[in-house]
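Observations on the model geometry
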Amino acid sequence: MTQKQQPIGSGFTAASTADEVLKGIDLSGRNVIVTGGHRGIGLETTRALSKAGASVTVAVRNPDGAASALAGIERAEAGRLDLLDPVSIDAFVARYLDSGRPLHILVNNAGIMAGPLVRDARGYESQFATNHLGHFQLTLGLLPALRAARGARVVNVTSGGHRLSDIRWDDPHFTSGYDDMGMLGYGQSKTANVLFAVELDRRWAEDGIRGYAVHPGIVFGTNLGPHLAEGEERTPWLSDDELRAMGLIDASGRPVNDPDRELKTPQQGASTSVFAATSPLLAGIGGVYLKDNDISPLDTPRPIDFGTEQDVPSDVVPHAVDPDSARRLWELSERLLKL
């Protein structure tokens, strides 16, 4: 598995945009689902895939609220999905399967980040439940539609934050040990996103379904303030002074655009998602972690201090691509969801 984590020389860079990655790719007749596809990199992913000809279903908690964001995007529709509610997930899956449409691309993009400890109705820690378990249940439910596509890709939007924590096998829901900022919970959920892609690819590649995990970079929502943006919800876990000290915002509070330091626009941040979803360069390759529109090299773990570091590492580390851990997480997830 670790040997897969070798850059392939895609020709794209950290500054490449989603439109640049999709140039010359025709997605006419392809069906796509993007969770949280109405904000930030999710919205840009929706827009770019639609522009290339795809029909996109945007899965959101509030479809009516998403309508204005999707206005003017061709072949885009919103469907209700609450990743913390198993009943909502099953209902979304049933509606999609009843439509009879194959599913060519699933982008598990939505997510929550950091903040105080919150539990769902099952008692599960909310970041793990939303970012991983909700998408796990959704993806497994959509398997018939993915198979019907006769060649499909599942893209999990993860983060370099996976480096913060392996899976807490004995206590994934933090009966103890939850830090004030919630970053260990976030790190665990992002590790889970990668491991899920690894094991999905192993199990489903023979059905023509490939799995990828994508680090988008640090993307700021243009109307959401200076918070690290990733999916539906963002938590302001760093102050403006801390963000300035890290070089993430300028003196006026505007986001800094510096792709070489992973500070990206939504168009740049969405590029690796659409690269994973569509690039012919990945034909025959799956179960890998991508960043900057290429496969990430395998890195050595080291401690990270988000409050002071200006260049936070984001290459993948071994615990997130370990095949034994990937199988173990899949089995744990099935037990937690009683599948």
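The paragraphs below set out a description of the structure included in this document.

**Some details on the overall build of the chain**
Tallying secondary structure elements over the chain gives 11 helices and 11 strands in all. Computed over its C-alpha atoms, the radius of gyration of the chain comes to 18 Å, within 12% of the 20 Å expected for a compact globule of 339 residues. Referenced to the eigenvectors of the C-alpha coordinate spread, the extents of the chain come out at roughly 50 × 45 × 45 Å. Per-residue burial over the chain gives 58% buried out of 339 residues. Long-range pairs, those at least 24 residues apart, make up 71% of the contacts in the chain between residues at least 6 apart in sequence.

**Details of the sheet that holds strand E2 (residues 55-60)**
Reading across the sheet, the 8 strands line up as E3-E2-E1-E4-E5-E6-E10-E11 and stay open at both edges, with mixed pairing between neighbours. Each edge of the open sheet carries a strand with a single partner, namely strand E3 (76-80) and strand E11 (294-295). Here 6 bridges tie strand E5 (residues 152-157) to strand E6 (residues 209-215), and the two strands are oriented parallel to one another. Each bridged residue has a counterpart across the sheet, and for Val155 the counterpart in E6 is Tyr212. On the sheet, helix H4 (residues 86-99) packs against strand E1 (31-35), E2 and E3 and is oriented at approximately 140° with respect to E3.

**Looking at the pairing of E6**
Of all 7 residues in E6, 7 are buried; the element is thus mostly enclosed. Burial along E6 is two-sided: Ile209, Gly211, Ala213 and His215 facing one way and Arg210, Tyr212 and Val214 facing the other are all buried. In this view, the connection linking E5 to its parallel neighbour E6 by way of helix H7 (residues 183-204) has right-handed handedness. Of the strand pairs in this sheet, E6 and strand E10 (residues 288-291) are connected by 4 bridges, and their pairing is parallel. Bridging from a neighbouring strand, Val214 pairs with Leu290 of E10.

**Here's the deal with the pattern of salt bridges**
By the definition in use, this model includes 19 salt bridges. Residues Asp201 and Arg210 are paired through a salt bridge, measuring 2.7 Å at the closest nitrogen-oxygen approach. With respect to class, Asp201 is no different from Arg210; both count as buried. Across the pair Arg327 and Asp324 runs a salt bridge, and its minimum N-O distance is 3.2 Å. Of this pair, Arg327 and Asp324 both sit in helix H11 (residues 323-337), separated by 3 residues, roughly a single helical turn. Take Arg327: its relative accessible area is 30%, and that puts it in the partly exposed class. Linked by salt bridges that have partners in common, Asp19, Glu44, Arg47 and Lys51 make up one network.

**Quick notes on H11**
Its 15 residues give H11 an end-to-end C-alpha distance of 21 Å, which sits within 8% of 21 Å, the value for a rise of 1.5 Å per residue. Looking at H11, one finds that the buried residues are Ser325, Ala326, Leu329, Trp330, Leu332, Ser333, Leu336 and Leu337. Where H11 begins, the side chain of Asp322 points an oxygen toward the backbone nitrogen of Asp324, at a separation of 3.2 Å. In the segment just after H11, Lys338 is the residue with positive phi, at about 55°.

**A closer look at the nonpolar core**
Nonpolar side chains in soluble globular proteins tend to end up buried together. Ile33, Leu103, Leu106, Leu138, Leu142, Leu146 and Ile209 are the most contacted members of the largest nonpolar core, which has 45 residues in total. Listing elements by their share of this core, those giving two or more residues are H4, helix H5 (126-141), helix H6 (143-148), E5, H7, E6 and H11. Take this core: its biggest share by element is 8 residues, from H7. Membership of the second largest hydrophobic core comes to 34 residues, among which are Ala54, Leu70, Val155 and Leu290.

Definitions and cut-offs
- Residues numbered from 1 in each chain as written.
- Predicted model: local features only at pLDDT ≥ 70, side-chain atom pairs only at ≥ 80, totals over all residues.
- Heavy atoms only, no water.
- Helix = DSSP H or I, 4+ residues; strand = E, 2+ residues; numbered from the N terminus.
- Rg over C-alpha atoms; globule rule 2.2 N^0.38 Å.
- Buried < 20%, exposed > 50% of the residue type's maximum accessible area, 1.4 Å probe, protein only.
- Contact = heavy atoms within 4.5 Å.
- Pairing = 2+ DSSP bridges.
- Axes fitted to C-alpha atoms, helices over the stretch in contact; angles between N-to-C directions.
- Right-handed = clockwise from strand over helix to strand, strands pointing away.
- Salt bridge = Lys/Arg side-chain N within 4 Å of Asp/Glu carboxyl O.
- Expected span 1.5 Å × (residues − 1).
- Polar contact = N/O pair within 3.5 Å; in protein donor to acceptor, adjacent residues only side chain to side chain.
- Core = buried A, V, L, I, M, F, W, Y, C linked by side-chain atoms within 4.5 Å.

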